Every structure is written in structure tokens, then in C-alpha cells.
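Okay, here's what each chain looks like letter by letter:
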Amino acid sequence: MANICPIKNIADLVFEARRVYRETFDGDDANVALCAPGRVNLIGEHTDYNEGFVLPMALPMVTVIVGSKISGQKCCVVTQTEAADEPRVVHFDLPNELAPLLRGQPNWANYVKGVVQHYRARPIPGFRAVIANSVPLGGGLSSSASLEVAVYTFLQQLCPDDGDQVAKAVACQQAEHTHAAVPCGIMDQFVSVLGKEGHACVVTVRLTVNYTVKVIVILINNSNVRQSLTGSEYPTRRKQCEEAATILGKKSLREATLQDLEAAKDRLDGVTYRRARHVIEEIERTAQAAEALKRGDYKEFGRLMVESHNSLRDNYEVSCPELDELVAAALEVDGVFRSRMTGRAHAMERAVKHIQKKYHGSPTFFITTPSEGAHALSL
Ligand code: ADP
């Protein structure tokens, strides 16, 4: 099919990373390898930090790490991706109580250092590692969480922890908070750890996970417009949600109903009201969407996705003209039930052609299937 980006397979990534490892480290070979996936969220946007549901799936795009332990306290990490800031080789000492690992330059290494700092077992040995990846950086598919989970999984090979998967995801989230300074929710790390082939998963407030079947193929359509809630916007949205919960007298918006919101409308300014409305409705939509998927009701699922997009655009105000244009174009294609950048298998070719014709930017398409969470690879 034309214009669909191929996804590099894991064996090729490992092969390439081993070659770089040998080149960088005087002909030595790496002796462990692992991968951790990126993710796409089907529905449930900005619900995770409000203790609501999300419905993500792990992707076949992954971060791969190959490496080895070495004697001493030194670590050396190389990233192969040209999209990372320079330098792409970093050296640092293992942290100890007196000298924790701190944020610094280059920025990409903060994700690595953060995970080393928050790793849940000691003593971590010195190590060398090479990172390769097929998750586009900064494209909303969670390359950052996949990098964190990959680093954690790498450390598990060198110095095993107790194997608690939830605590692993939480440690990676902590790394992102403290070292990348992004106050993210838990979804991305969670699904990168616990993703299951062929399944989307409902992640609940108590960090339990239910696997829902029926996800076969997802067309991911990247607008190629840099549009992410970094900088001040993401913390602002979080703060607005917390304020709304406080005014409603709830621990989180997860506990609030639309009736609660309407009853408190006079005490909320217009913006806070709209933010809260998105979150409360989106939590309900996500639960309904999971049920719809379970019974194979794609039409209902699609309707909920469209509602979700509209609410993100109008209430949460996190869309952009390019994204709106993409969604509108996808919705015009016969057979596309849901359109938050995804379409159904048999409508894919039509969707790709139509969106290319209608969209003014240059979109990139990936066809993906739900994939396995982080795991070790044999060399
Ligand atoms: P995303 O949606 O892809 O997670 P972010 O902007 O949150 O977008 O995170 C992207 C950042 O994660 C990159 O700028 C880089 O610092 C880091 N990163 C992700 N993958 C890699 C990698 N393979 N090598 C180096 N840095 C990476």
C-alpha cells in the first residue's frame, strides 16, 4: 500500500545496535538485549491524571537496548537516533546517597538517568548500553515512556528487582517527573510494561488492567505538526482539573458526576468548567467505549471517538487546525468508524488516499497491531 511507513523490525534494530556497540566499545559484544514499546491511546484523553480510565494499546514500534555490565561505577550510554539532542554519547557515575543523579544536558539522557535513580534494586553495576528505536520521537506515541521502560528492563537484567510490574511503571513515571520535569500520568509507562499482543487494555484508577480483545489493526496518522502539551500547558491543564475537583469537594474528577458539575457551575469560571466537563464525560465515554469494543460494536466505538475529539477541541482546547482537518477528512471516508487518527482495516487504503488528498500538510501513516509489553530478547 502506498505511503504507509514501514516499521523497522526488532531483529534489525538489535542487529544495528550490536554493531554500534562493537564499534563504540573496542569490539566487545553486548550480552543482554530487550525492548519496550510505545503506545497509542484509543480513547480516554487527559483522564489518567484525574484517576479515570484510559484505553491504550502497546505498539510494534519499540525502544531497543543492548548492553553489558562492567566493573566499577561508570556508565556509558549511546543513542542511535538522530532526533535526540547532542551529544548522543553520555558518561555518568552511578548514583549514591550523597550524590544522586541530577538533570543535565543532553536532555535525552535525563530519561536514562531518572530511571537509574529510581530503579528499585541495588547495587546497580556499571554498564554500557546502546539504544536504538522505531518509535518516532515527540510524535505522541510515547517514545519517552518506552525509553524509560526499556532502561528499567535493562537494569532488571543486570540487577534483578522483585518483578513487581506496577511498581516498575510507577518508578518510570517518577523518572519522568523528576528528571524530564514532565508531570505525566501513569498510562504510558503502564502500557509499555503491561501491553498484551492483540489487545487494548483498560487501565483503571487502581492501576489494575483489563484486557479487551478485538483490536486488530490501527491506522496511525501522524499530522507531522508538533503539537504536544509540554511547556506550561500540560501543568496548567492539570492544575485546572485539581482546582475543579477541589471546588466540587472531590478528591479527583474521577469521583465527580455531571450533576455535581452542573450544581457547582456558578462557582466555576467558564474555562475550569469546560476542562472539568471534558474529563468527567471522557471518563464515562472511555468506560462505554471499552464495553462497545468488547461486544464488537465498532459503530458505537466510533461515535464515542468522534465525541472525544470534539470535546478535546472545544472543552479541553488541545486540538489544532491540522488535527481537526485530519479528523474531518478521515470521517468522510466510507468505513471509517472512528476518527481520532484511526480507521478500520478494510477502509485503510481509501482512508490513506482520501486524507492525503484533503490534508494540507504531509501526513505519515503507520499500520499497527497491539503488541507485547517490555521483554528481554535473546542474543
Ligand atoms: P513522546 O510523545 O515521543 O514521548 P516527548 O516529547 O514526551 O514525546 O519525548 C520525546 C523525548 O524523549 C525526546 O526528545 C528525547 O529526549 C527522548 N527520547 C525518546 N526516545 C529516545 C531515544 N531512542 N534516544 C534518545 N532519546 C529519546
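Here the structure is a predicted model, which is why all the values come from computation and not from measurement.

Thresholds, definitions, all that
Residues numbered from 1 in each chain as written. Predicted model: local features only at pLDDT ≥ 70, side-chain atom pairs only at ≥ 80, totals over all residues. Heavy atoms only, no water. Core = buried A, V, L, I, M, F, W, Y, C linked by side-chain atoms within 4.5 Å. Buried < 20%, exposed > 50% of the residue type's maximum accessible area, 1.4 Å probe, protein only. Helix = DSSP H or I, 4+ residues; strand = E, 2+ residues; numbered from the N terminus. Expected span 1.5 Å × (residues − 1). Contact = heavy atoms within 4.5 Å. Near = heavy atom within 4 Å. Polar contact = N/O pair within 3.5 Å; in protein donor to acceptor, adjacent residues only side chain to side chain. Areas by Shrake-Rupley, 256 points an atom, 1.4 Å probe, with all protein chains shown as cover. Nonpolar A, V, L, I, M, F, W, Y, C, P; charged D, E, K, R; others polar. Domains from an automatic or database assignment. Buried area = accessible area lost by both parts, 1.4 Å probe. UniProt positions renumbered as here; feature names shortened; annotations may be inferred. Pairing = 2+ DSSP bridges. Axes fitted to C-alpha atoms, helices over the stretch in contact; angles between N-to-C directions. Parallel < 35°, antiparallel > 145°, perpendicular 65-115°, else oblique. Left-handed = near helix turned anticlockwise from the far one by under 90°. Phe/Tyr/Trp six-rings, centres within 6.5 Å; stacked < 30°, edge-to-face > 60°. Lys, Arg positive; Asp, Glu negative; His and termini not counted. Salt bridge = Lys/Arg side-chain N within 4 Å of Asp/Glu carboxyl O.

### Thoughts on the nonpolar core
When a protein is soluble and globular, its nonpolar side chains tend to lie buried together. Ranked by internal contacts, the top residues of the largest apolar core, which has 45 residues, are Phe92, Phe127, Phe154 and Leu155. Of all the elements in the fold, those that place two or more residues in this core are strand S1 (32–43), strand S3 (74–79), strand S4 (89–93), helix H2 (108–118), strand S5 (126–133), helix H3 (143–158), helix H4 (165–179) and helix H5 (187–194). When residues in this core are grouped by element, the largest group, 8 residues, is from H3. Judged by nonpolar contacts, the second largest core, of 41 residues, contains Val202, Cys241, Ala290 and Phe301.

### Description of helix H9 (residues 298–314)
The first and last C-alpha atoms of H9 sit 24 Å apart over 17 residues, in line with the 24 Å expected at 1.5 Å per residue. Against S1, strand S2 (55–70), helix H8 (270–294) and helix H10 (321–331) lie the buried residues of H9.

### A closer look at unusual backbone geometry
Note the cis peptide between Glu86 and Pro87, where omega equals -5°. For Pro87, the position within the fold is in the loop between S3 and S4. Cis geometry marks the peptide bond from Gln105 to Pro106, where omega comes out at -5°. Structurally, Pro106 can be placed in the loop between S4 and H2. Here Ser142, not a glycine, exhibits a phi torsion of approximately 65°, which is positive.

### Structural notes on H2
Counting buried residues in H2 gives 9 out of 11 residues, a clear majority hidden from the surface. Along H2, the residues classified as buried are Trp108, Ala109, Asn110, Tyr111, Val112, Lys113, Gly114, Val115 and Val116. Here the buried face of H2 lies against S3, S4, S5, H3 and H4.

### Some thoughts on the site of the ligand
Around the ligand, the structure places 18 residues, and the nearest of them are Thr79, Trp108, Gly138, Ser143 and Ser144. At a separation of 2.8 Å, an oxygen atom of the ligand approaches a polar backbone atom of Gly138. One of the side-chain nitrogen or oxygen atoms of Ser144 is found 2.6 Å away from an oxygen atom of the ligand. Look at the ligand: alone it shows 570 Å² of surface, and the protein chains cover 86% of it. Among the secondary structure elements, those contributing two or more residues to the shell around the ligand are H2, S5 and H3. Broken down by class, the residue content of the shell around the ligand amounts to 8 nonpolar, 9 polar and 1 charged.

### Digging into the domain arrangement of the protein chain
Split into domains, the protein chain comes out as domain 1 (10–215) and domain 2 (221–368). The distance between the C-alpha centroids of domain 1 and domain 2 comes to 26 Å. Listed as interface residues are 29 residues of domain 1 and, on the opposing side, 35 residues of domain 2. Carbon and sulfur atoms make up 68% of the surface buried where domain 1 meets domain 2, a total of about 2700 Å² over both sides.

### Topic: the UniProt feature "domain: Galactokinase N-terminal" (unreviewed entry) in the protein chain
Here, UniProt's "domain: Galactokinase N-terminal" (unreviewed entry) annotation points to residues 21–69. Between the first and last C-alpha atoms of residues 21–69 the distance is 13 Å; the span itself is 8% helix and 55% strand.

### Here we look at the sheet that holds S5
On the basis of which strands lie adjacent, the open sheet formed by 6 strands has the order S4-S3-S5-S2-S1-S10 and mixed pairing. A single partner strand is all that each edge strand has here, and the edge strands are S4 and strand S10 (375–377). Averaged over all pairs of adjacent strands, the angle between their axes in this sheet comes to 25°, without regard to strand direction. Where S3 meets S4, 5 bridges bridge the pair, whose relative direction is antiparallel. Across the sheet, Cys76 pairs through a bridge with His91, a residue of S4. Across the sheet, H5 touches S1 and S2, and the angle it forms with S1 is around 125°.

### A closer look at the packing of H4 against H5
Between H4 and H5, the least distance of the axes is 8 Å, while the angle of their chain directions is 140°. By the angle between their axes, H4 is oblique relative to H5. Between H4 and H5 lies a crossing whose hand is right-handed. Here Gln165, Val166, Lys168, Ala169, Cys172, Gln173 and Glu176 of H4 come into contact with H5, specifically with Gln189, Phe190, Val193 and Leu194. Across the contact of H4 with H5, the residue classes tally to 6 nonpolar, 3 polar and 2 charged.

### Focus: the packing of aromatic side chains
Summed over all chains, the structure comprises 5 aromatic pairs. Ring centres of Tyr21 and Phe25 lie 4.7 Å apart, and the angle between their planes is 55°; this geometry places the pair in the tilted category. There is no split in this pair, since Tyr21 and Phe25 are both buried. Between Phe127 and Phe154 the ring centres are 5.3 Å apart and the planes differ by 85°, which places this aromatic pair in the edge-to-face class.

### Comments concerning the side chain of Asp48
Turning to its location among the elements, Asp48 is positioned in the loop between S1 and S2. Of the side chains with opposite charge, Arg238 lies nearest to the buried Asp48, which makes no salt bridge, at 6.8 Å.

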